Amino acid sequence: MATREVAIGSSVGLHARPASIFVQAATATGLPVTIAKQGGNPVDARSILGVMALGAKNGEVVTLSAEGDGADAALDSLVSLLERDLDAE
Amino acid sequence: MTELHSTLSGIGVSAGVAVGPLVIVSPPPLPPADEPPTTDAAAASSKVRDTLKAVADGLQAKAANADAHAKPILEAGAMMAGDPGLAGAIDTQLQAGKGITTAVSAAVDEYCAMFESLGGYMAERVTDLKDVRDRTVARLLGQAEPGVPALTTPSILAAVDLAPAETATLSVETCLGIITSAGGPTSHTAILAAQLGIPAIVQAAGILDVPVGTSVALDGGVGEIIIDPSQAEQDELAARKARREKALAAGSGKGMTRDGHPIALLANIGTAADARKAAVQDVEGVGLFRSEFLFLDRDTAPTVDEQTATYTEVLQAFGDRKVVVRTLDAGADKPLAFADLGHEENPALGRRGIRLGVVRRDLLDDQLQALANAYQATKADLWVMAPMIATRQEAAWFAEIVRAKGLPRVGVMIEVPAAALRSFDVLSEVDFASLGTNDLGQYTMAADRMEGALSELLNPWQPALLDIIAYACDGGAKTGHPVGVCGEAGGDPLLALVLAGLGVSSLSMAPSKVRAVRTSLALHDLTQCQQMAAAARASVGPKEAREVVISMADPVMLDLL
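Let me sum up the structure you'll find in this document.

About the cut-offs
Residues numbered from 1 in each chain as written. Chains lettered and ligands numbered in written order. Predicted model: local features only at pLDDT ≥ 70, side-chain atom pairs only at ≥ 80, totals over all residues. Helix = DSSP H or I, 4+ residues; strand = E, 2+ residues; numbered from the N terminus. Buried ≥ 20, exposed ≤ 12 C-beta atoms within 10 Å, placed from the backbone. Contact = placed C-beta atoms within 7 Å. Nonpolar A, V, L, I, M, F, W, Y, C, P; charged D, E, K, R; others polar. Pairing = 2+ DSSP bridges. Core = buried A, V, L, I, M, F, W, Y, C linked by C-beta atoms within 7 Å.

Topic: the overall build of chain A
A tally of regular secondary structure across chain A gives 3 helices and 4 strands. Listing each helix as α and each strand as β along chain A from the N terminus yields β-α-β-β-α-β-α. Every one of the 89 residues in chain A was classed for burial, and the buried ones make up 42%. In chain A, once contacts between residues fewer than 6 apart in sequence are set aside, the share between residues at least 24 apart is 68%.

Okay, structure coming up:
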């Protein structure tokens, strides 16, 4: 199991457009990626409803987890995505 | 079943007559109460997944043809329909033995409850989610997806009520008239129909029982509907329409009473496109430019440059005519992704309008800077006002900021009864006021504008509302500062006479309503208007107030209503 921690870079937090960009990227990895807030239950990172309901705000640290071939590389790319201010792009 | 040749009545909200075949907007389907439980969860799961895929594909196809406003909404819906988390939640319900559409409904409701508890932006997404649910349930039941069908021939549209997204796609070529069984005079349906000049009636009980395709005639002025009208009835409506057109064609130019007392006739607009359309019409300017459209349905605030460009375009369209801009009126009921103050129990009484401007001073400063830039570029007759002012202190606070930006005229909306009662104080700080009669009615009567069942309390003829307006006008007279009206009441040709009599100096309305109001004012002297205002205020209720004013008005008025 590969895991990464990252602080949300998007100024509006992880909802609206940033959430859909992240979910599309997580789906594209082909791996069962999960995302969790600190102390919270992990949710399916491929679920827009789950990710939006997570309500992760700007600066909040989330944990990404994945298993399978290429999990480390997949998580690294998702981390760099979340670090950016997706909303400003 | 409603009988043919019978009549129905409702509340007329957009004048004019129309005859055409009835088209009914399918209401959202409900899971059948007697739905059999699921025995083969795997088969049901596969059927649900296929259906969700079809719904997602359908929304994606619509998004491809949609405009910039509707596109992200439809794309978000497609993504929700394709969500593996939603499919998983439905599976859980199916495995528990729930019937197939009951399972879909229950799973979506769980997400809705979660989003509603998060409040603000997330709560707003509930509408999108319920739309996905309704489409999925309809398909599983073998029905057409709900919503406005594509109109191929000119028709009369009937619905429980129309959502803003549904009304946005209507055109005057194919939609001859609108009838809703719910909704109220200040609902989205009513406002949009008036803007487009489509005859419309709300609160018409029984209209949804009329068979699709039946010929229906409606008179949006008096609120009367004739099912399968006879030739004689159609002729009478056509004659009425001709008399109305003749009366309307008589006048042009500035609004004034018969004895020459000026009442400026202005347009309510919401977008730059509205401004271009309204500018070529016979109006004296803009009495209400709702600036919200620049802010809603986007993830970040518009930049100063973007706002400057839009305001400049609007000001240029009107040349030397006055333009009154209302600063951002958003809040908990119209949440902004970038200014979410969280869940509020009573959004209409919460941090909306200027109260949001106080918390998010950056948004207000940017908007005023953009208005100042547009003013410098055009030197237009620009008036700027704040929504939801309640006290003299708020008015003073806003006036100081606006004047510091070098803007020529600053005013306030009077929507809160407190501001009307203390209008001398409030108007001592600013140059003008504009009465938002829809919200002023809502707050005076403590009745939610969106609650159709309370439409009687929200009737703009309520004597208490007229009293409050009289208070506001009194403060205007004592300070010498003009008080206008920019709510729906200003567009009613009969009520316009009462408002003129109460001392209002301008009336702002949907441009399609200006002609009738101009004609109405030109038929009466100011003293008559003042007598009508006194008689309306002396009435025991809204119905009596309207009747007494009709009895005092010129008979030609009956064809304008």
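Anyway, onward from the coordinates.
Observations concerning the interface of chain A and chain B
Across the contact, 15 residues belong to chain A and 17 residues belong to chain B. At the level of secondary structure, the elements contributing two or more residues to the side of chain A that touches chain B comprise α1 (16-28) and α2 (48-54) of chain A. Of all the elements, α2(A) adds the most residues to the side of chain A that touches chain B, at 5 residues. Residue classes in the side of chain A that touches chain B are distributed as 6 nonpolar, 5 polar and 4 charged.

Concerning the sheet that holds strand β2 (residues 34-37) of chain A
All names here are of chain A. A sheet is described by the order of its strands in space; here 4 strands give the open sequence β1-β4-β2-β3, paired in antiparallel fashion. Pairing within the sheet leaves two strands with one partner each, and these edge strands are β1 (2-7) and β3 (43-44). The pairing of β2 with β3 spans 2 bridges and is classified as antiparallel. Residue pairing across strands places Thr34 opposite Asp44, the latter belonging to β3.

Considering the pairing of strand β4 (residues 155-159) of chain B
Residue and element names in this part refer to chain B. Within β4, 5 of the 5 residues are buried, leaving the element largely enclosed by the surrounding structure. Where burial is concerned, the two faces of β4 agree: the one with Ser155, Leu157 and Ala159 and the one with Ile156 and Ala158 are both buried. For strand β3 (residues 17-24) and β4, the ladder comprises 3 bridges, and the chain directions are parallel. In the sheet register, Leu22 faces β4, and the bridge partner there is Ile156. Relative to strand β5 (residues 175-180), β4 runs parallel, the two being bridged by 5 bridges. Looking at the pairing, Ser155 lines up with Cys175 of β5.

Some thoughts on the nonpolar core
Residues B:Val323, B:Leu371, B:Ile389 and B:Val412 are the most contacted members of the largest nonpolar core, which totals 195 residues. When sequence neighbours within four positions are dropped, the list of residues in contact with B:Val323 reads B:Gly285, B:Val286, B:Phe289, B:Val314, B:Leu315, B:Phe318, B:Ala380, B:Asp381, B:Leu382 and B:Trp383.

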